[in-house]
2 protein chains.
Amino acid sequence: SQMTDAERRRGVVAFSSGNHAQGVALAGKLLDIPTVIVMPHDAPAAKLEATRGYGAELVLYRRSEEDRGAIARELCETRGATLVPPYDDPGIVAGAGTAALELVEDAGRLDAIVVPVGGGGLFSGTCLAAKGTDARIECYGVEPEAGNDVQQSLQQGRIVTIDVPQTIADGQQTQCPSALTFGIMQRYATGVVTVSDDELRAAMRFAFERLKIVLEPSGASALAAVLCGKLDVSGKRVGVVLSGGNADPAVFASAVIP
Amino acid sequence: SQMTDAERRRGVVAFSSGNHAQGVALAGKLLDIPTVIVMPHDAPAAKLEATRGYGAELVLYRRSEEDRGAIARELCETRGATLVPPYDDPGIVAGAGTAALELVEDAGRLDAIVVPVGGGGLFSGTCLAAKGTDARIECYGVEPEAGNDVQQSLQQGRIVTIDVPQTIADGQQTQCPSALTFGIMQRYATGVVTVSDDELRAAMRFAFERLKIVLEPSGASALAAVLCGKLDVSGKRVGVVLSGGNADPAVFASAVIP
């Protein structure tokens, strides 16, 4: 839904320490809408600086003592601003699906598309977009082995909540899908496979050496599944979504140095 | 000039340990032309593997004892193959210029274009292509401080030969431009500026953090010149060519870790 001029002037609020924060900040800059991002005070300096560099106002909080959701909601109330949640929202799901539309536009007919799964926003948006262009496209999601809440949820036909997953894939440390994303995935997803942290590192190394692209662990998960044979892709045209490059330098270095 | 069918069957030979090797190997694979690449036997395993992976036959030599140019010429004679030199060739210069054409096509009118300079193939091709689309475009080349043979040559109006430059920019350790590339640069180049190894590392870090692109030191040199204020770009539309991502993992890690 379109924002009114008054809503645009009052701006938007988001909470995230990663790609969503920087995406919202940059979108705000391009559209001339003020943005406030709620971030942990101990987030890496590079991420704070990048988000500020895209023109956002930062509100810092202490992870152990404060609730970022509550801070964001209070900011929205005080300022009359609009909350932009990271995945549990029809607009965000639709926006995430545009990557699949662009991929099909560029690459032509696909047999399958493979995407990283965290909260399920990207995966459910991809399912809707891909199936919308061609109902025969198989849609696979990829989770870290340590945190397969979506795989379990789809297998059991109900939302399963797990402990915070211990994995280098910090963009996929979600504990459960939302009702919105689960409903879409349940209807349209072909399946979910998992990859180990070592497989994520190998995919980051491949992207560094051959594609010259910086991927963070979560952003490399779909690529890892394809490279490590988790899906049968022989003879098929397969689209792979690389979804984030917000890598910590030390984590990146340890992945790419053999 | 187009190759004949017989020439295509006999294949091409190139010598390089970096981007040219992989570019020729990949082009051969796409065009179904056999490729032989002469590489140092102690080149990084990842580069040997990548070049082989693109379908090239490798001929390894010992840097200290053998002359790679002589090996390549002998291979060409024995096999009737075509030599593809790294820069001193009108076809290579023209091919290198296509990056500037694509940039202008995508980005529209530019006031200036900035490119890395090694042997001068990319820079002279860029000058020809950019000036061909719009004679007002300023064309700047960027060399490492430690090896400014092109800058000196243009200043003195003759080809200046320097010692092998000591710099992390291994793609720009050239000692002099060729007669072909010097002649083009002398006529069309606006100027050449230099950057330090620390400025190259800062540009690699910027590309890693903000662009999510892997750059090798030489590939980052034009970006470094713009970021470090070596050129007056305020209020101008400036195209910057990022020319290579064949980075050694350890060198890359030391550049991107703050």
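Residues numbered from 1 in each chain as written. Chains lettered and ligands numbered in written order. Predicted model: local features only at pLDDT ≥ 70, side-chain atom pairs only at ≥ 80, totals over all residues. Heavy atoms only, no water.

**Overview of the sheet that holds strand E2 (residues 35-40) of chain B**
The strands making up a sheet associate through backbone hydrogen bonding, with each pair oriented either parallel or antiparallel.
Residues and elements named next belong to chain B.
Right, so step 1: As summarised here, the arrangement of the 4 strands in space is E3-E2-E1-E4, forming an open sheet in which the pairing is parallel. Looking at strand neighbours, the two that pair on one side only are strand E3 (57-61) and strand E4 (82-83), the edges of this open sheet.
Right, so step 2: Pairing geometry for strand E1 (residues 12-15) and E4, over 2 bridges, is parallel. Residue pairing for E4: Val12 is matched across the bridge by Thr82.
Right, so step 3: Each of E1 and E2 touches helix H2 (residues 19-31); the most contacted strand, E2, lies at about 160 degrees to it. (Pairing = 2+ DSSP bridges. Helix = DSSP H or I, 4+ residues; strand = E, 2+ residues; numbered from the N terminus. Contact = heavy atoms within 4.5 Å. Axes fitted to C-alpha atoms, helices over the stretch in contact; angles between N-to-C directions.)

**Looking at empty space enclosed by the protein**
Right, so step 1: Per the stated rule, a full pass over the model turns up 1 cavity of 30 Å³ or more.
Right, so step 2: Estimated volume of the largest cavity: approximately 120 Å³.
Right, so step 3: Lining the largest cavity are 14 residues, and of these A:Glu209, B:Ala46, B:Lys47, B:Asn246 and B:Ala247 sit closest to its centre.
Right, so step 4: Going through the elements one at a time, helix H9 (197-211) of chain A together with helix H3 (45-53) of chain B are the ones with two or more residues in the lining of the largest cavity.
Right, so step 5: Considering only residue class, the lining of the largest cavity consists of 6 nonpolar, 3 polar and 5 charged. (1 Å grid on protein atoms, 1.4 Å probe; cavity = no way out; pocket = protein on both sides within 12 Å on 5 of 7 lines; lining within 4 Å. Points joined across faces, edges and corners; volume = space filled by probe spheres on them. Nonpolar A, V, L, I, M, F, W, Y, C, P; charged D, E, K, R; others polar.)

**A look at the packing of aromatic side chains**
Residue and element names in this part refer to chain A.
Right, so step 1: Throughout the structure, instances matching the rule amount to 5 aromatic pairs over all chains.
Right, so step 2: Ring centres 6.0 Å apart and planes at 75 degrees place the aromatic pair Phe208 and Phe252 in the edge-to-face group. With a gap of 44 residues between them, Phe208 in helix H9 and Phe252 in helix H11 (residues 249-256) connect regions that are remote in the sequence. The same class applies to Phe208 as to Phe252, namely buried. (Phe/Tyr/Trp six-rings, centres within 6.5 Å; stacked < 30°, edge-to-face > 60°. Buried < 20%, exposed > 50% of the residue type's maximum accessible area, 1.4 Å probe, protein only.)

**Section: the relation of the copies chain B and chain A**
Right, so step 1: When chain B is fitted onto chain A, the two copies agree to an RMSD of 0.0 Å after a turn of 180 degrees and an axial shift of 0.0 Å. Look at the turn and shift together and you get a two-fold axis relating the two. (Least-squares fit on C-alpha atoms with pLDDT ≥ 70 in both.)

**Quick notes on the environment of B:Leu101**
Right, so step 1: As for its placement among the helices and strands, B:Leu101 is situated in helix H5 (residues 90-107).
Right, so step 2: In contact with B:Leu101, not counting residues within four places along its chain, are B:Ala129 and B:Thr133.

**Some thoughts on the interface of chain B and chain A**
Right, so step 1: Counting residues at the interface gives 20 residues for chain B, matched by 20 residues for chain A.
Right, so step 2: Between chain B and chain A lies a buried interface of about 1,700 Å² when both sides are counted; carbon and sulfur atoms form 65% of it.
Right, so step 3: When the area that chain B buries against chain A is broken down by residue, the three leading residues are B:Phe208, B:Arg210 and B:Lys212, summing to 36%.
Right, so step 4: Inspection of the chain B/chain A interface yields 0 salt bridges.
Right, so step 5: Between the two partners, chain B and chain A, sit 4 residue pairs in polar contact (both at pLDDT 80 or more).
Right, so step 6: Where the side of chain B that touches chain A is concerned, the elements lending two or more residues are H3, helix H9 (197-211) and helix H11 (249-256) of chain B.
Right, so step 7: No other element matches the 5 residues that H11(B) contributes to the side of chain B that touches chain A.
Right, so step 8: Of the residues contributing to the side of chain B that touches chain A, the split by class is 14 nonpolar, 2 polar and 4 charged. (Buried area = accessible area lost by both parts, 1.4 Å probe. Salt bridge = Lys/Arg side-chain N within 4 Å of Asp/Glu carboxyl O. Polar contact = N/O pair within 3.5 Å; in protein donor to acceptor, adjacent residues only side chain to side chain.)

**Overview of the nonpolar core**
Right, so step 1: A:Val142, A:Phe208, A:Phe252, B:Val142, B:Phe208 and B:Phe252 are the most contacted members of the largest nonpolar core, which totals 48 residues.
Right, so step 2: Sequence-distant contacts of A:Phe252, that is, excluding residues within four places in its chain, are made with A:Met204, A:Phe208, A:Val214, A:Leu215, A:Ala247, B:Phe208 and B:Phe252. (Core = buried A, V, L, I, M, F, W, Y, C linked by side-chain atoms within 4.5 Å.)

**Quick look at the sheet that holds strand E1 (residues 12-15) of chain A**
Residue and element names in this part refer to chain A.
Right, so step 1: The strand order E3-E2-E1-E4 describes an open sheet built from 4 strands, whose pairing is parallel. Looking at which strands have only one partner, the edges of the open sheet turn out to be strand E3 (57-61) and strand E4 (82-83).
Right, so step 2: Across the face of the sheet, helix H3 (residues 45-53) comes into contact with strand E2 (35-40) and E3 while running at roughly 175 degrees to E2.

**Some points on the pattern of salt bridges**
Residue and element names in this part refer to chain A.
Right, so step 1: Evaluated as defined, the whole model comprises 12 salt bridges over all chains.
Right, so step 2: Among the ionic pairs, Arg79 bridges to Glu57, the shortest N-O distance being 3.1 Å. You can see Arg79 sitting in helix H4 (residues 68-79) and its partner Glu57 sitting in strand E3, a full 22 residues away along the chain.
Right, so step 3: Of the residues examined, Arg79 reaches a relative accessible area of 34% and is grouped as partly exposed.
Right, so step 4: When its relative accessible area of 38% is taken as the criterion, Glu57 is described as partly exposed.
Right, so step 5: Salt-bridge contacts for Glu138 lead to Lys236; the nearest nitrogen and oxygen are separated by 3.8 Å. In this pair, Glu138 is assigned in strand E6 (residues 138-144) and Lys236 in the loop between helix H10 (221-227) and strand E8 (238-240), connecting sequence segments 98 residues apart.
Right, so step 6: Among the residues examined, Glu138 registers a relative accessible area of 25% and is labelled partly exposed.
Right, so step 7: For Lys236, a relative accessible area of 34% corresponds to the partly exposed category.

**Points about the packing of helix H7 (residues 149-156) of chain A against helix H8 (residues 179-188) of chain A**
All names here are of chain A.
Right, so step 1: With their axes 10 Å apart at the nearest point, H7 and H8 run at an angle of 60 degrees to one another. Considering the angle they form, H7 stands oblique to H8. In this structure, H7 meets H8 at a crossing whose hand is right-handed. Contacts between H7 and H8 involve Val150, Ser153 and Leu154 from the former and Phe182, Met185 and Gln186 from the latter. (Parallel < 35°, antiparallel > 145°, perpendicular 65-115°, else oblique. Left-handed = near helix turned anticlockwise from the far one by under 90°.)

**Description of helix H8 (residues 179-188) of chain B**
Residue and element names in this part refer to chain B.
Right, so step 1: Taken as a whole, H8 has its buried residues at Thr181, Phe182, Ile184 and Met185. What you see down the axis of H8 is that its buried residues fit within an arc of 165 degrees, all on one side. Residues of H8 that are exposed and angled more than 90 degrees away from the buried face: Ala179 and Arg187. (Arc of directions from axis to C-beta.)

**Digging into a nonpolar patch on the surface**
Residues and elements named next belong to chain B.
Right, so step 1: Taken together, the side chains of Phe206, Leu211, Leu227 and Leu242 make up a nonpolar region of the molecular surface, amounting to roughly 290 Å² of accessible area.
Right, so step 2: Residue placement: Leu211 occurs in helix H9.
Right, so step 3: Accessibility expressed as a relative area gives 37% for Leu211, which makes it partly exposed. (Patch = residues over 30% accessible without salt bridge, like charges linked within 9 Å, V, L, I, M, F, W, Y side chains within 5 Å. Areas by Shrake-Rupley, 256 points an atom, 1.4 Å probe, with all protein chains shown as cover.)

**As for the pairing of strand E6 (residues 138-144) of chain B**
Residues and elements named next belong to chain B.
Right, so step 1: Burial analysis of E6 places 6 of its 7 residues in the buried class, which makes it a mostly covered element.
Right, so step 2: Pairing geometry for strand E5 (residues 112-116) and E6, over 5 bridges, is parallel. If you follow Val115 over to E6, its bridge partner there is Gly141.
Right, so step 3: Where the polypeptide runs from E5 across helix H6 (residues 121-133) and back to E6, its parallel neighbour, the crossover connection is right-handed. (Right-handed = clockwise from strand over helix to strand, strands pointing away.)

From the geometry alone we can't say anything about function, so treat these as descriptive.
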